[in-house]
Amino acid sequence: DYGAGLTHSLLSYIYWTSADYEQGFYHLMEGADYQKKSGNREGEAWDMFNFGTFYSELQYYEEAAPYFTDAIALFEELGEYFGLASSMLGLAVIEQAHERYAAAKTRCERALELASTHDYADTRAWGYLILSEICQSTGDYTQALRYAQDSLQTYRATGDKPGEVNAELQLGLIYCD
C-alpha cells in the first residue's frame with residue numbers, strides 16, 4: 001500500500017504540473033487513500049499539504065485552508081518541521097489573499113523561524129517572498145524590498161532558477177507599485 005500511495009502521489013504531481021488537474025486530483029485522492037490505509041501518517045500529512053496547495057493554486061482558498069490546517073496539526077504531532085513550515089506558509093498565502101495581513105505575517109514569521117532553525121533554505125526563500133508580498137500589500141515598500149532581496153539571494157544560493165525568477169518578478173512589481 002505504501003508504494004502504491006507514493007506512486008499515486010508522484011503521478012498527481014506530474015499531472016498537476018502538466019495542467020491535467022483532473023488526473024492530478026484523481027491520483028492525489030488515490031494516493032491519500034493508500035497512505036491512510038497503510039498507516040503512513042507522514043505520507044497522509046503530505047497529501048493534505050498537496051491538496052491544500054492544489055486548491056490554493058486554483059484560488060479555491062476556502063477548500064484549501066482546512067487541508068493546510070490539518071497538515072499543520074499532523075506535521076506538528078509528528079515533529080516533521082519541513083512539512084510544518086511549508087504548510088504554515090501555504091496557510092499564510094490564503095490569509096494574505098483574504099487580506100488578513102497581520103495573521104499572514106505572523107504565521108509567515110513563525111514558518112521562517114522553523115525554516116531557519118532547521119536550515120530549510122527553499123522554505124526560507126518562499127517565506128521571504130510571501131512576506132515581501134504582504135509588506136507590499138500594506139504599503140511597507142522598504143520591508144517588501146528587503147524581503148524580496150532576501151528571497152532572491154536565498155534562491156540563488158540554492159540554485160533554484162524558477163525561485164529566482166519569482167523573486168525578481170516580485171522586485172519588479174514593488175518598483176512598479
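The preceding data block contains the structure.
Let me begin by describing the structure that accompanies this report. (Residues numbered from 1 in each chain as written. Predicted model: local features only at pLDDT ≥ 70, side-chain atom pairs only at ≥ 80, totals over all residues. Heavy atoms only, no water.)

1. Some remarks on the overall build of the chain
A tally of helices and strands in the chain yields nine helices and zero strands. Taken from the N to the C terminus, the helices and strands of the chain come in the order α-α-α-α-α-α-α-α-α. Dimensions of the chain along its principal axes, counting C-alpha atoms only, are 50 × 35 × 30 Å. With 177 residues in all, the chain has 45% of them scored as buried. Roughly 9,100 Å² of accessible area belongs to the chain as shown, and the carbon and sulfur atoms make up 51% of that amount. Within the chain, the 28 negative side-chain charges are centred at a point lying 5 Å from the centre of the 11 positive side-chain charges. (Helix = DSSP H or I, 4+ residues; strand = E, 2+ residues; numbered from the N terminus. Buried < 20%, exposed > 50% of the residue type's maximum accessible area, 1.4 Å probe, protein only. Areas by Shrake-Rupley, 256 points an atom, 1.4 Å probe, with all protein chains shown as cover. Lys, Arg positive; Asp, Glu negative; His and termini not counted. Charge placed at Lys NZ, Arg CZ, Asp CG, Glu CD.)

2. What to know about the packing of aromatic side chains
What characterises a pair of aromatic rings is the spacing of the ring centres plus the angle enclosed by the ring planes. Inspection of every chain in the model, using the stated rule, returns 13 aromatic pairs. Plain terms: the ring middles of Trp16 and Phe54 are 4.1 Å apart, the flat faces sit at 10 degrees to each other, and that makes the pair stacked. Placement of Trp16 in helix α1 (residues 2–17) and of Phe54 in helix α3 (residues 41–57) is noted, with a sequence separation of 38 residues between them. For the pair formed by Trp16 and Phe54, the shared burial category is buried. Taken together, a centroid distance of 4.8 Å and an interplanar angle of 65 degrees make the contact between Trp46 and Phe75 edge-to-face. Separated by 29 residues along the polypeptide, Trp46 in helix α3 and Phe75 in helix α4 (residues 61–78) bring together distant segments of the chain. Connected via pairs of aromatic rings, a cluster forms that spans Trp16, Tyr21, Phe25, Phe51, Phe54, Tyr55 and Tyr67. The lysine or arginine in question, Arg146, covers the ring of Tyr147, its NZ or CZ lying 4.5 Å from the ring centre. (Phe/Tyr/Trp six-rings, centres within 6.5 Å; stacked < 30°, edge-to-face > 60°. Lys NZ or Arg CZ within 6 Å of the ring centre and 35° of its normal.)

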